[in-house]
Amino acid sequence: MVKLLLAVAILISLKSVAQFPPKGIHSDFVLYQKRIAFDKYMREQTIKAAFAQPLDSNTEEKYREACWAISQFLLRSTEIQKGFRVLFNSYATLEEDTRRSLIEAIYAVYPVEYKTEINELIRNESVPKLFAMQAAYLYRMDQSTTNTGNLHALMLKQFPGYTEYPVLTELEKYLQTHRSLVTQSTPAIVSLFNYRKQSGQKTIYSFQRWNRDYPGLAIIQNEDGSFAKDSMGKLLVFQQLARSASDLPYFLTNGSTPQGIYSIQGTAISRQNLIGPTPNIQLVMPGEADSVFWHSPYDSARTPLENYFNLLPASWRGYAPITESFYAGKIGRTEIIAHGTTIDPDYYKDKPFYPLTPTMGCLCARESWNIFNGTLLQSEQFNFSKAFLATPGVAGYLIVINLDNQQKMVERGEIEKLVAAFL
C-alpha cells in the first residue's frame, strides 16, 4: 500500500473519451472500508512504525516514504516531529532523495517551526536543488529585502558557478522578482484569445490565483476560436486546483503547477490509485518531450525559448511568469497532467481549497465518489475531458495563468467577463 504513494501512472490511450460512459467509471480505492484501511496503514505503519525504528541503511527508505505521505496528506503530530528530529540528526549521511523528502514535508506542514534547523542546513548545503528548497522555506517566512539579499549572497558564496545549475538561476529570479510579480497585472487576456484563435489550434486556459490555496477555473477555446459552451449557450467552466500538496515554488519537484504553456497530447486513463480512472488530459512541458511538444512548425534557426514565445502574442512575450513551465521543464520537472482524484477530501477539510485535493504539481479537478459501491457521483474532470473532445482535434496547448493575488477562488463571472471582451 505504501507504494501507492509513489507508483508511476500506467496510461492507456483512449480514442473516444467523449463516448466513455461516466456510469462505467469505478474505483475500489474510494470504498469506505478501503479508505479506512488505507488511512490506518498510512498512520500506523507508513509513519508511526517507520519512525519508531532506528534510522539506518535498512530503514532509510521507510523514513523517506513516511515523509512523502506526510507531505501529500498534510499530517502533523508529535510522532512526526520526533521522526523529523531523527532525520535532522542524521542529515549528513542521508541519501539525497531522503533529504529532499524531509525538506518537502517540512515545507508542506510546518511552515515556520523549523527556521533554526533550515538555517543551519543551508549554510552547509552542497546540493543545488536542496539549497533551493531550503532558500524557498526561509524566503516564504521573510520576504524582506534584507533576507532576500542574504539568501542570494549565500548562494553566490556556496555556488560560485551557480549559473551552471538551472534550478539556482531560477531560484535567483524567484528571490529577486516574486514579491513584485504578484502585484503586477497580466497583459491583456483578449490579445491572447485572439492570437490563439489565429493559430487554428485548440487552447485550454487555466486561470488561477498567485495564492494556490484558492482553486481556479479552466475554459476551452476550440480550433475555430469559439469557446466551449453548454446547450443553452452558457460558457463551460471547470474548476481546477493548481496547488501541489507541498506548495513548493513552481521550479522545484512536486511544487505547485507552473504558469505557462503545456502541449496537449490527447487523453488517457491512469491506473495510479490516487489519480483514479477518470479520463485525464495528457500534457508535456518544453524540455520534457521536445519531440512531441511542438504542434506548430519548429524554427531550428531560433532558440527553444524563441519558438516558445512564438506561441504567444507579442504583448505576452515580455511577461516573465508565462515562462515558468519553460524553465520548469528545463530544470527537469515532468509528468504534470490534468486529472481527477480519488483521495479522500477530508484530509483537507480545514483548507481553503476543500473539497478539492492537492497533487504533486498537476491540475486536479473535483470529483466525488459513492464510497459504498465505488461509482462516480460527480466529476469536473469527466465533464472537462468530454468537452475537450466534443469538437475536432485532440491536440493543442494548455496555458496556466495567474490572474491576480485576490485571496479567493476564481469565479465564473471573472472568466465570463474576459470572454465577453473577446467576443
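Preceding this paragraph is the structure being described.
Keep in mind it's a predicted model, so treat the numbers as computed, not measured.

Structural notes on the side chain of Asn 222
Structurally, Asn 222 can be placed in the loop between strand S3 (216-221) and strand S4 (238-241). We classify Asn 222 as buried; its relative accessible area is 10%. In this structure the side chain of Asn 222 is engaged in a polar contact, spanning 3.0 Å, whose partner is the side chain of Thr 391. Those residues in contact with Asn 222 that lie beyond four places of it in its chain are Gln 201, Lys 202, Phe 227, Ala 228 and Thr 391.

A closer look at the pairing of strand S5 (residues 260-270)
For S5, the buried fraction is high: ten of the eleven residues fall into the buried class. Alignment of S5 against strand S11 (residues 396-404), held across five bridges, turns out to be antiparallel. Counterpart to Tyr 262 in the pairing with S11 is Leu 398. Strand direction decides the pairing type here: S5 and strand S6 (residues 280-284), joined by four bridges, are antiparallel. Bridge assignment links Ser 263 to a residue of S6, and that residue is Val 284.

Examining the side chain of Gln 72
Of note, Gln 72 is situated in helix H2 (residues 60-73). A relative accessible area of 7% means that Gln 72 is categorised as buried. For Gln 72, the side chain forms a polar contact with the main-chain oxygen of Pro 358, separated by 3.1 Å.

Digging into the packing of aromatic side chains
Across all of its chains, the model carries 32 aromatic pairs by this definition. Members of the aromatic cluster, connected to one another through ring pairs, are Phe 29, Phe 38, Phe 73, Tyr 347, Tyr 348 and Phe 353. For the cation-ring pair, Arg 99 lies above Tyr 91, with the distance from its terminal atom to the ring centre recorded as 4.9 Å. When the ring centre of Tyr 327 is taken as reference, the NZ or CZ atom of Lys 173 above it lies at 3.6 Å.

Comments concerning the environment of Pro 286
Position of Pro 286 among the secondary structure elements: in the loop between S6 and helix H10 (290-293). Classification of Pro 286 by relative accessible area gives buried; the value is 3%. For the pair Pro 286 and Tyr 327, spaced 41 residues apart in sequence, the C-alpha to C-alpha distance is 8.3 Å. In this view, Pro 286 contacts Ile 261, Phe 293, Tyr 308, Ser 325, Phe 326, Gly 329 and Lys 330; residues no more than four positions away in its chain are not counted.

Notes on helix H12 (residues 324-331)
Across the eight residues that make up H12, a large majority, six, are buried. Buried within H12 are the following residues: Glu 324, Ser 325, Phe 326, Tyr 327, Ala 328 and Gly 329. At its buried positions, H12 is contacted by helix H8 (166-181), S5 and helix H11 (304-309). At the C-terminal side of H12, Gly 332 shows a positive phi close to 125 degrees.

Here we look at the packing of H2 against helix H4 (residues 96-109)
One way to put it is that H2 packs onto H4 with a least axis distance of 8 Å and a crossing angle of 25 degrees. Comparing the axis directions of H2 and H4 gives the class roughly parallel. Where H2 crosses over H4, the handedness of that crossing is left-handed. Taken together, the residues of H4 that come into contact with H2 (itself represented by Glu 60, Arg 64, Cys 67, Trp 68, Ile 70 and Ser 71) are Asp 97, Thr 98, Arg 100, Ser 101, Leu 102, Glu 104, Ala 105, Ala 108 and Val 109. Residues belonging to the contact of H2 with H4 are distributed by class as follows: seven nonpolar, three polar and five charged.

Considerations on unusual backbone geometry
Residue Pro 355 follows Tyr 354 across a cis peptide bond; omega there is 10 degrees. Of note, Pro 355 is situated in the loop between strand S7 (338-339) and strand S8 (363-365). One non-glycine residue with positive phi stands out, namely Leu 74, at about 50 degrees. With respect to the helices and strands, the residue Leu 74 is situated in the loop between H2 and helix H3 (78-89). Relative accessible area serves as the criterion here: at 13%, Leu 74 is assigned to the buried category.

A word on the nonpolar core
Note that soluble globular proteins tend to have their nonpolar side chains buried in a common cluster. Core analysis: the largest hydrophobic core is formed by 65 residues, its most contacted members being Ile 47, Phe 73, Phe 84, Leu 87, Phe 131, Leu 168 and Leu 171. Elements with a minimum of two residues in this core: helix H1 (32-52), H2, H3, H4, helix H5 (115-122), helix H6 (128-141), helix H7 (145-158) and H8. Take this core: its biggest share by element is nine residues, from H6. The contacts of Leu 171, once residues within four sequence positions are left out, are Phe 131, Ala 132, Ala 135, Met 155 and Phe 251.

Notes on the environment of Leu 175
Structurally, Leu 175 is set in helix H8. Separated by 36 residues in sequence, Leu 175 and Tyr 139 place their C-alpha atoms 7.5 Å apart.

Here is what the cut-offs are and how they apply
- Residues numbered from 1 in each chain as written.
- Predicted model: local features only at pLDDT ≥ 70, side-chain atom pairs only at ≥ 80, totals over all residues.
- Heavy atoms only, no water.
- Helix = DSSP H or I, 4+ residues; strand = E, 2+ residues; numbered from the N terminus.
- Buried < 20%, exposed > 50% of the residue type's maximum accessible area, 1.4 Å probe, protein only.
- Polar contact = N/O pair within 3.5 Å; in protein donor to acceptor, adjacent residues only side chain to side chain.
- Contact = heavy atoms within 4.5 Å.
- Pairing = 2+ DSSP bridges.
- Phe/Tyr/Trp six-rings, centres within 6.5 Å; stacked < 30°, edge-to-face > 60°.
- Lys NZ or Arg CZ within 6 Å of the ring centre and 35° of its normal.
- Axes fitted to C-alpha atoms, helices over the stretch in contact; angles between N-to-C directions.
- Parallel < 35°, antiparallel > 145°, perpendicular 65-115°, else oblique.
- Left-handed = near helix turned anticlockwise from the far one by under 90°.
- Nonpolar A, V, L, I, M, F, W, Y, C, P; charged D, E, K, R; others polar.
- Core = buried A, V, L, I, M, F, W, Y, C linked by side-chain atoms within 4.5 Å.

These figures capture arrangement, not role.
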